[in-house]
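Okay, here's what each chain looks like letter by letter:
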Amino acid sequence: LSHSVWINQIEALEKAFKGEMHTRMPTIKNLQNCKDLNSCAELLKYQHQFSSSDIPPILPKFFKKDGRWQGLLPGDDGYENQ
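This text gives an overview of the structure that appears in the document. (Residues numbered from 1 in each chain as written. Predicted model: local features only at pLDDT ≥ 70, side-chain atom pairs only at ≥ 80, totals over all residues. Heavy atoms only, no water.)

Applying the stated criterion across every chain, the model contains one aromatic pair. With a centroid separation of 5.1 Å and 80° between ring planes, the pair formed by Tyr 46 and Phe 50 is classed as edge-to-face. Classification of Tyr 46 by relative accessible area gives partly exposed; the value is 25%. According to the relative accessible area criterion, Phe 50 is partly exposed, its value standing at 31%. We note Lys 61 situated over the ring of Tyr 79; from NZ or CZ to the ring centre the distance is 4.3 Å. (Phe/Tyr/Trp six-rings, centres within 6.5 Å; stacked < 30°, edge-to-face > 60°. Buried < 20%, exposed > 50% of the residue type's maximum accessible area, 1.4 Å probe, protein only. Lys NZ or Arg CZ within 6 Å of the ring centre and 35° of its normal.)

On to helix 1 (residues 9-18). Among the residues of helix 1, those classed as buried are Gln 9, Ala 12, Leu 13 and Ala 16. End-on, the buried residues of helix 1 take up no more than an arc of 100°, which puts them together on one face. Those residues of helix 1 hidden inside the fold are in contact with helix 2 (25-33). For helix 1, the N-terminal capping position is held by Asn 8, with its side-chain oxygen 3.0 Å away from the main-chain nitrogen of Ile 10. (Helix = DSSP H or I, 4+ residues; strand = E, 2+ residues; numbered from the N terminus. Arc of directions from axis to C-beta. Contact = heavy atoms within 4.5 Å. Polar contact = N/O pair within 3.5 Å; in protein donor to acceptor, adjacent residues only side chain to side chain.)

Now for the pattern of salt bridges. For the structure shown, the criterion picks out two salt bridges. Here Lys 15 ties to Glu 20 by a salt bridge, and the two come within 3.7 Å at their closest N and O atoms. With a relative accessible area of 52%, Glu 20 lands in the exposed category. Taking the shortest distance from any N to any O, the salt bridge between Lys 35 and Asp 36 comes out at 3.6 Å. Accessibility expressed as a relative area gives 36% for Lys 35, which makes it partly exposed. Judged by relative accessible area, which is 60%, Asp 36 ranks as exposed. (Salt bridge = Lys/Arg side-chain N within 4 Å of Asp/Glu carboxyl O.)

At a minimum axis distance of 9 Å, the contact between helix 1 and helix 2 shows a crossing angle of 140°. With respect to their mutual orientation, helix 1 and helix 2 come out oblique. Our pair here, helix 1 against helix 2, has a crossing hand that is left-handed. Between helix 1, through Gln 9, Ala 12, Leu 13, Ala 16 and Phe 17, and helix 2, the contact on the second element is made entirely by Ile 28, Leu 31 and Gln 32. Residue composition of the contact of helix 1 with helix 2, grouped by class: six nonpolar, two polar and no charged. (Axes fitted to C-alpha atoms, helices over the stretch in contact; angles between N-to-C directions. Parallel < 35°, antiparallel > 145°, perpendicular 65-115°, else oblique. Left-handed = near helix turned anticlockwise from the far one by under 90°. Nonpolar A, V, L, I, M, F, W, Y, C, P; charged D, E, K, R; others polar.)

Distances and angles like these do not, on their own, reveal function.
Structure, rendered in structure tokens:
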């Protein structure tokens, strides 16, 4: 089941980190990348400066440690070992 809501990126990040809204890691990272933009025009201008090779894929690795799920992103300590 999923729901749709129109909120700005700051509110979406706050809700995600408080656990009030289920948000997948790639979405969180993309929201963080555009958190300082104030309009669709700014977002489009920002995005037009990149080619597809400039945008790294977001490839989290998830694993269980001590019975709890943990996640790492490229660049995090231990990412290459998982």
